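Here are the chains, one letter per residue:
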Amino acid sequence: MKRRIDPKDTPTKDLHQYILGSIAPRPIAFVSSVNEDGVENLAPYSFFNAFSSNPPIAVFSSNRKVADNTTKDTLHNAEVQKELVINMVSYDIVRQMAISSVSYPTDVSEFEKTGLTPEPSELVKAPRVAESPVNMECRVKEIITLGDQGGAGHLIICEILMIHIDEKVLEGNRINPHKIDLMGRMGRTYYVRASGAAVSSIYQSVADIPIGYDGLPEAIRKSDVLSANDIATMAGLKELPEKAQPIDGMDVNTTHQSAKELIAAGNTEQALSLLLSIH
Ligand SMILES: Cc1cc2nc3c(=O)[nH]c(=O)nc-3n(C[C@H](O)[C@H](O)[C@H](O)COP(=O)(O)O)c2cc1C
């Protein structure tokens, strides 16, 4: 059974948490900016993502506070300076990032409060966070206001002008997820550390048309042993493999168990071949 949430009848503070708990984990833009007096500002924004690679565009949303409907310093700085830096948050700096989310007075620099090191940018006034593994110097292309009540977002559309990536997280021209060790934001006070066992590689060829769920025999699709992911792993193969030789004395349950183990070990074709020997 699913609970129905109608935004019209739901207090904003609850709706906010339903949305945050569901649309998760979210990447965190750790945004550095400066105001017209040169005061540096740093704050995390997880209503954030990349939306285009050519041109390179990232967007985050600075919301009106639900409690008092005021707006945030980052939004002001984006409006007046039209530039900022998006720094990525690795596990090593997650606690310092959390400190920066406190509402300090406008004239207080969160660099000092967090102990993080401001490093000059090449193309924009806002400094980069030296300890962050990736810094993106951005020009604010457009700001879209979504409403005037508490909780309303302002989409800050950023064109990425320059990216700085720590060589330590790179392997050739690719980023190693375990080395960059990024943090994601979930609902309430929860975060996720995106490295180690939390990260898995799912290969699905986009060049080959897969068999699909419906291309597998019903007895495989209705298995009590194989999970939906096990079945979908086989459905992702390009074609049905040859049937294996049936193994004497192996019943349906044992065969499905063996297939499950083969899939877990990455031997998907062998698993399907074994299943086809009895179905
Ligand atoms: C991990 C994290 C993510 C956050 N994401 C957002 C967000 O997407 N939008 C927002 O308006 N506030 C967000 N906040 C709250 C702001 O960081 C907070 O209001 C901060 O004081 C704003 O600082 P500023 O006034 O210097 O811009 C987030 C806080 C944390 C800890």
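Residues numbered from 1 in each chain as written. Predicted model: local features only at pLDDT ≥ 70, side-chain atom pairs only at ≥ 80, totals over all residues. Heavy atoms only, no water.

All right, on to the overall build of the protein chain then. When helices and strands are tallied, the protein chain shows nine helices and 14 strands. Taken against the 2.2 N^0.38 rule, which gives 19 Å for 279 residues, the C-alpha radius of gyration of the protein chain at 25 Å runs more than 25% over that of a compact globule. Dimensions of the protein chain, computed from C-alpha atoms along their principal axes, come out at roughly 80 × 50 × 30 Å. Counting every position in the protein chain, which comprises 279 residues, the buried fraction comes to 38%. Of note, the protein chain has its 27 positive side-chain charges centred 5 Å away from the centre of its 36 negative side-chain charges. (Helix = DSSP H or I, 4+ residues; strand = E, 2+ residues; numbered from the N terminus. Rg over C-alpha atoms; globule rule 2.2 N^0.38 Å. Buried < 20%, exposed > 50% of the residue type's maximum accessible area, 1.4 Å probe, protein only. Lys, Arg positive; Asp, Glu negative; His and termini not counted. Charge placed at Lys NZ, Arg CZ, Asp CG, Glu CD.)

Turning our attention to the side chain of Ser223. Its location among the elements puts Ser223 in the loop between α6 (218-221) and α7 (228-235). Since its relative accessible area comes to 12%, Ser223 is described here as buried. From its side chain, Ser223 meets the backbone nitrogen of Val225 in a polar contact 3.0 Å long. A distance of 2.7 Å separates a polar atom in the side chain of Ser223 from a polar atom in the side chain of His256. (Polar contact = N/O pair within 3.5 Å; in protein donor to acceptor, adjacent residues only side chain to side chain.)

As a further point, take the site of the ligand. In the vicinity of the ligand, 19 residues are found, and the nearest of them are Pro44, Tyr45, Phe47, Asn63 and Thr74. Here an oxygen atom of the ligand and a side-chain polar atom of Tyr45 are 2.7 Å apart. A distance of 2.9 Å is found between a nitrogen atom of the ligand and a side-chain nitrogen or oxygen belonging to Lys72. When the free accessible area of the ligand is taken as 650 Å², the share hidden by the protein chains comes to 89%. Every element with two or more residues in the shell around the ligand is listed here: β3 (40-45) and α2 (73-81). For the shell around the ligand, the element with the highest residue contribution is β3, accounting for four residues. Across the shell around the ligand, the residue classes tally to seven nonpolar, eight polar and four charged. (Near = heavy atom within 4 Å. Areas by Shrake-Rupley, 256 points an atom, 1.4 Å probe, with all protein chains shown as cover. Nonpolar A, V, L, I, M, F, W, Y, C, P; charged D, E, K, R; others polar.)

Throughout the structure, instances matching the rule amount to 10 salt bridges. The salt bridge involving Asp230 is made with Lys260; its shortest N-O contact spans 2.6 Å. Taken together, the residues Asp230 in helix α7 and Lys260 in helix α8 (residues 252-264) connect sequence positions 30 residues apart. (Salt bridge = Lys/Arg side-chain N within 4 Å of Asp/Glu carboxyl O.)

Let's shift gears to the sheet that holds strand β13 (residues 182-185). With antiparallel pairing, the three strands of this open sheet are ordered in space as β1-β13-β14. The sheet is open, and its two edges are formed by β1 (26-27) and β14 (191-194), each paired on a single side. Here β13 pairs with β14 via four bridges, running antiparallel. Bridge pairing in β14 places Met183 opposite Arg193. (Pairing = 2+ DSSP bridges.)

Here we come to the packing of aromatic side chains. Applying the stated criterion across every chain yields a total of one aromatic pair. Between Tyr45 and Phe60, the ring centres sit 5.2 Å apart and the planes meet at 45°, which makes this aromatic pair tilted. Of this pair, Tyr45 sits in strand β3 while Phe60 sits in strand β5 (residues 56-61), and the two are 15 residues apart along the sequence. In this structure, Tyr45 and Phe60 share a single accessibility class: buried. (Phe/Tyr/Trp six-rings, centres within 6.5 Å; stacked < 30°, edge-to-face > 60°.)

Inspection of α7 places Asp230, Ile231, Met234 and Ala235 among the buried residues, and these make up the whole buried set. Viewed end-on, α7 has its buried residues packed into an arc of 140°, placing them on one side of the element. Opposite its buried face, α7 presents the exposed residues Ala228 and Asn229, each directed more than 90 degrees away. In this fold, the buried residues of α7 make contact with α6, α8 and α9 (268-276). (Arc of directions from axis to C-beta. Contact = heavy atoms within 4.5 Å.)

Once that is clear, we can look at the domain arrangement of the protein chain. Often, the extent of an interface is quoted as the loss of accessible area upon association of its parts. Assigned domains within the protein chain: domain 1 (7-198) and domain 2 (213-276). On a C-alpha basis, the centroid separation for the pair domain 1 and domain 2 is 44 Å. (Domains from an automatic or database assignment.)

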